[in-house]
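# Residue-level structural notes
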Amino acid sequence: MSGEKDLEQIKREAAEKAKELAKQRLAAKQAGEGNDPKQVADQIAEPVVKESVAAAATDDADLAKKKAAAAAKAKAAAMAKMKANAQAGEAPAASEAKAEVSAPVEGQDADLAKKKAAAAAKAKAAALAKMKATGQIEANAESEAQAATDAADDDDLAKKKAAAVAKAKAAAEAKLKAKAEAGEGADASSGDDDDLAKKKAAAVAKAKAAAAAKAKAAASGGGSADDEKAKAIAAAKAKAAAAAKAKSAAGAKAGAEEPVEEKKPSPNQPYLDKYVKTITDNLGADILEDSYINPLSKDVPTLVAKRESYYRLAEFLKYNELLGFDYLSELHGTDFQTHMEVYVHLYSYKNRQSVALKVKLDRNDPVTQSVQPLWAGADWPECEAYDLLGIKFEGHPNLHRIMLGEDWVGHPLRKDYEPYDVEV
Amino acid sequence: MIRTEEMLLNVGPQHPSTHGVFRLVLKIDGEIIVEAKPVIGYLHRGTEKLAEDLQYTQIIPYTDRMDYVSAMTNNYVIVHAVETMMGIQVPERAEYLRVLAMELNRVASHLLWWGTFILDFGATSPLLYAFRDREMILNLLNELSGARLTFNYMRVGGVKWDAPEGWLEKVAEFVPYLRGQLKGYHQLVSGNEIFLNRTKGIGKYTKEDAINYSLSGANLRSTGVKWDLRKDEPYSIYDRFDFDVVTREEGDALARYYCRLGEIEESLKIIEQALEQFPKEGEIMAKVPKIIKAPKGEAFVRIEGSRGEIGCYISSDGKKEPYRLKFRRPSFYNLQILPKLLEGESISNLIAILGAVDIVLGEVDG
């Protein structure tokens, strides 16, 4: 599932690349002037994801040509950036506009731009082939690789350009953090070509790619996988650019349709206020660490107890006349890595109200008091939390490893759990 | 002079009356149980751990295997949790299909329970009747979802398949048929003196105990607590149906028997109304992203399953897999009261008491 998704993304990205190519040609005609510092800045903002993708790209030796490899690397970097940007979730329109502005600016020289475009196309093809070769669709990999090689043979100058793009990218990366990965990429590319224009080209590609990625992230439905594929194949043609544009527009629209969270106060707010007031009136102010309405969970009033006052609060919640939470619906623990958390969902049959009680524990020594004496129903759930997370409940009459047995090594639901098997 | 001593007796894990792999270590004094220690975990498959590496849609088949005789409600609880977090509006038609599927499954589950409960007392024919009628439901659900037990039918935002042609009519025909059968069930078993002797006043607990031990479903309602999440915290479209919450006051095995049979009738009522209100056309899936990502945060939802309250807790960090997933499994909670109930009971009542709790081990062990 996720593999398919990645492939789709790569294909989309390829389409974007084609679009960029068209833009560059257009820019070449317009022959703009000047520098854009914004682009450079954009370039510096290199994502962490890049490393892994770039590594995957460099793994592939089938395509053979060094230049192509470098180009692919540049490509992979751009893609990683796309992803990172998509997650950051800036307004797609904004970066689209940015890309548009920079396109004409970049095209100082008609010839140069054309060559660059060619190089870009080649890089794209190589990257596509590479991604496929890494195991997405093996059947396609061969033909794609062929295409990449063809592209590489295509033009000496173009090759140089591609290498330069890769170099530029690598330089930017190095600027951000001196990674060995980056150095490798720079080595692979023979740096004989001119610089600033290329950097700009790379920046343009990035900006474009980012915009596309963002649009995609916003788009919910999108086209079918076949559709994407067809587009990716046609990516070499400038025709695809139009399609990509349409898509990004659709994406923007879909983004606008996203449900807006309601801001009006929750109907459970009075209950929460009542609980908090009752608690602070009777137990003092330093019982609660936090209290809030959880809008994701049907607006359940949530109380976070301080570590040392968890049991007192639980006891109070059960026996206080106004609260009377006589039913324990659920108890479990979660490893949040920074801390352990015990989540208790309580219900009052008398008042017909729910409350969620939480307590945060020290992850290295997760100990708290058992609420089994208050609710007999907490017996097994606490055993389960002990078994799977290692949370110790003091005062529990029979705390044992209820699911896995006493000889099990480790607590599986902890995020740092390593399976232990004597036979392995 | 006769020397007496306590002895240990293992019941299970492979024992027909335990309905799965459940083990009881009994300390007995003659025929009287002094202490009962349940041992569970034989069927623990680590669903919650597995789920941490799975996308939400991929988790749904795993829920089929929790309570494998009532998988529709399990399907529902996880999609409901994700939908609650994402604020997805499910299309009407999908909601009705879900309700029909869940209620049919509830009936099937109760029929299975009925048959095996009576079988535990030694009566074999009721089981055959129950299975015959349950099979009809499974056929209906098979037509709907393509599977007899592990349906994998629901999706975040709707259901996987629309009702096939003529399916609704078949369901409509089935409802009056089962009503007639239920009368037969009562004639066959409910008034039987042996049955009454073995269930009346057996495994009795109070309302307070039931609540204290976190019991839910028929185990809770048999003590007189009028509580049904379909009614009291309506989810899906349950607020559109007119049905009763069946309760009994006695709190014994017989009360639980009547509650469950009563629930079959109520479910049939819901099915009937759902068929009447069923939208002629419409979508069966809401517009949802291809890759479902629950927003950052946490949610706990609970619904009324066949055995009680099924809950689902999701803690999400915004990725396509849950950070932590936890199911509140009713059988696991309901079984906790067993040692208390068995204390001081005769060993022959063990089967009736355990049977009346209605456990499914896949659900107990998670």
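Located above this text is the structure these notes cover.
Attention in this report is confined to the structure presented alongside it. (Residues numbered from 1 in each chain as written. Chains lettered and ligands numbered in written order. Predicted model: local features only at pLDDT ≥ 70, side-chain atom pairs only at ≥ 80, totals over all residues. Heavy atoms only, no water.)

Residues and elements named next belong to chain B. Strand order in this open sheet of three strands is S1-S4-S5, and the pairing throughout is antiparallel. This sheet does not close on itself; its edge strands, each paired only once, are strand S1 (7-11) and strand S5 (32-39). Put simply, the sheet's adjacent strands are angled 25° from each other on average, direction ignored. As paired elements, strand S4 (residues 23-29) and S5 share seven bridges and run antiparallel to each other. (Pairing = 2+ DSSP bridges. Helix = DSSP H or I, 4+ residues; strand = E, 2+ residues; numbered from the N terminus. Axes fitted to C-alpha atoms, helices over the stretch in contact; angles between N-to-C directions.)

The subject of this paragraph is a nonpolar patch on the surface. Together, Val-409, Tyr-420 and Val-422 of chain A make up an exposed nonpolar region whose accessible area comes to about 320 Å². As for its placement among the helices and strands, Val-409 of chain A is situated in the segment after strand S7 (392-394). (Patch = residues over 30% accessible without salt bridge, like charges linked within 9 Å, V, L, I, M, F, W, Y side chains within 5 Å. Areas by Shrake-Rupley, 256 points an atom, 1.4 Å probe, with all protein chains shown as cover. Salt bridge = Lys/Arg side-chain N within 4 Å of Asp/Glu carboxyl O.)

Nonpolar side chains tend to gather and get buried jointly when the protein is soluble and globular. Among the nonpolar cores identified, the biggest contains 166 residues, and Ile-279 and Val-371 of chain A together with Trp-167 and Tyr-257 of chain B are the most heavily contacted of them. By residue number, the principal contributor to this core is helix H4 (residues 92-120) of chain B, which donates 15 residues. If sequence neighbours within four positions are ignored, Ile-279 of chain A has contacts with Gly-284, Ile-287, Leu-288, Leu-303, Leu-313, Phe-316, Leu-317 and Leu-323 of chain A. With five residues, the next largest nonpolar core counts Val-300 and Ala-356 of chain A together with Phe-300 and Tyr-313 of chain B among its residues. (Core = buried A, V, L, I, M, F, W, Y, C linked by side-chain atoms within 4.5 Å. Buried < 20%, exposed > 50% of the residue type's maximum accessible area, 1.4 Å probe, protein only. Contact = heavy atoms within 4.5 Å.)

Residues and elements named next belong to chain B. Within the open sheet, the three strands sit side by side as S8-S9-S10. Their pairing is antiparallel. The two strands at the open ends of the sheet, each matched to only one other strand, are strand S8 (297-304) and strand S10 (324-328). Here the strands of the sheet are splayed against their neighbours by 10° on average, with no regard to which way each runs. In terms of strand pairing, S8 meets strand S9 (residues 309-316) through eight bridges, oriented antiparallel. Bridged to Arg-302 within S9 is Gly-311. The strands touched by helix H3 (residues 71-86) within the sheet are S8, S9 and S10, with S8 carrying the most contacts at an inclination of about 145°.

Another point: the packing of aromatic side chains. All names here are of chain B. Inspection of the entire model under this criterion finds 24 aromatic pairs over all chains. Arranged with centres 5.0 Å apart and planes meeting at 65°, the rings of Phe-117 and Phe-121 form a pair that is edge-to-face. Taken as a pair, Phe-117 and Phe-121 share a single burial class, namely buried. Clustering of aromatic rings is evident, with ring pairs tying together Tyr-76, Tyr-96, Tyr-235, Tyr-238, Phe-241 and Phe-278. In this arrangement the basic side chain of Arg-134 is found over the ring face of Phe-131, its NZ or CZ atom lying 5.3 Å from the centre. Across from the ring centre of Tyr-238, 6.0 Å away, lies the NZ or CZ of Arg-230, which sits over that ring. (Phe/Tyr/Trp six-rings, centres within 6.5 Å; stacked < 30°, edge-to-face > 60°. Lys NZ or Arg CZ within 6 Å of the ring centre and 35° of its normal.)

Looking now at the interface of chain B and chain A. On the side of chain A, 52 residues touch chain B, which itself brings 51 residues to the contact. Regarding the contact of chain B and chain A, the summed buried area is about 4200 Å², with carbon and sulfur atoms giving 53% of it. A per-residue breakdown of the area chain B buries against chain A is headed by Lys-290, Glu-298 and Tyr-323 of chain B, which together make up 16% of the total. For the pair chain B and chain A, the number of links is six salt bridges. Linking chain B to chain A there are 26 residue pairs in polar contact (both at pLDDT 80 or more). For the side of chain B that touches chain A, the elements supplying multiple residues, two or more each, are helix H1 (47-51), H3, helix H8 (207-212), S8, S9, S10, helix H12 (330-334) and helix H15 (361-365) of chain B. For the side of chain B that touches chain A, the element with the highest residue contribution is S8 of chain B, accounting for six residues. (Buried area = accessible area lost by both parts, 1.4 Å probe. Polar contact = N/O pair within 3.5 Å; in protein donor to acceptor, adjacent residues only side chain to side chain.)

Residues and elements named next belong to chain B. In contact at an axis separation of 9 Å, H4 and helix H14 (residues 347-357) are set at 175° when each is read in the N-to-C sense. By the criterion of interaxial angle, the relationship of H4 to H14 is roughly antiparallel. Note on element contacts: H14 touches H4 through Ile-351, Ala-352, Gly-355 and Ala-356, opposite Trp-113, Phe-117 and Asp-120. Of the residues that constitute the contact of H4 with H14, the class distribution is five nonpolar, one polar and one charged. (Parallel < 35°, antiparallel > 145°, perpendicular 65-115°, else oblique. Nonpolar A, V, L, I, M, F, W, Y, C, P; charged D, E, K, R; others polar.)

Now for unusual backbone geometry. Residue and element names in this part refer to chain B. The phi dihedral of Asn-152 falls on the positive side, at around 50°, and the residue is not glycine. For Asn-152, the position within the fold is in the loop between helix H5 (125-145) and strand S6 (154-155). Taking relative accessible area as the criterion, Asn-152 reaches 23% and is therefore assigned partly exposed. Residues other than glycine seldom take positive phi values, yet Asp-358 does so here, at roughly 65°. As for its placement among the helices and strands, Asp-358 is situated in the loop between H14 and H15.

A few words on the environment of Lys-287 of chain B. All names here are of chain B. Considering the arrangement of structural elements, one finds Lys-287 in the loop between helix H11 (253-277) and S8. For Lys-287, a relative accessible area of 82% corresponds to the exposed category. Linking Lys-287 and Gln-89, residues 198 residues apart in sequence, is a C-alpha distance of 8.8 Å.

Further remarks concern the pattern of salt bridges. Oppositely charged side chains are able to pair whenever their charged atoms sit close together. Residue and element names in this part refer to chain B. Throughout the structure, instances matching the rule amount to 42 salt bridges over all chains. Two residues, Glu-48 and Arg-324, come together in a salt bridge whose shortest N-O distance is 3.4 Å. Here Glu-48 is found in helix H1, whereas its partner Arg-324 is found in strand S10, with 276 residues between them in sequence. This pair shows no difference in class: Glu-48 is buried, exactly as Arg-324 is. Arg-179 is paired through a salt bridge with Glu-272; the nearest N and O atoms lie 3.0 Å apart. A residue pair is termed long-range when its members are at least 10 positions apart, and Arg-179 in helix H6 (residues 167-190) and Glu-272 in helix H11 qualify at 93 residues. Note on Arg-179: relative accessible area 28%, which makes it partly exposed. Linked by salt bridges that have partners in common, Glu-103, Arg-106, Arg-221, Asp-228, Arg-230, Glu-263 and Glu-304 make up one network.

Our next topic: the pairing of strand S4 (residues 340-348) of chain A. Residues and elements named next belong to chain A. Buried residues dominate S4, accounting for nine of its nine residues. Side chains of S4 alternate between two faces, with Met-340, Val-342, Val-344, Leu-346 and Ser-348 and Glu-341, Tyr-343, His-345 and Tyr-347 buried alike. Where strand S3 (residues 327-335) lies against S4, eight bridges are found, and the strand directions are antiparallel. When the sheet's bridge partners are listed, Thr-334 is paired in S4 with Glu-341. The antiparallel pairing of S3 with S4 creates a hairpin that spans four residues between the two strands, and Gln-337 there sits at a positive phi of about 70°. In this structure, S4 lies alongside strand S5 (residues 353-361), joined through nine bridges in antiparallel fashion. Pairing of Leu-346 across the sheet is with Val-355, part of S5.

Shape descriptors only; they carry no functional weight alone.
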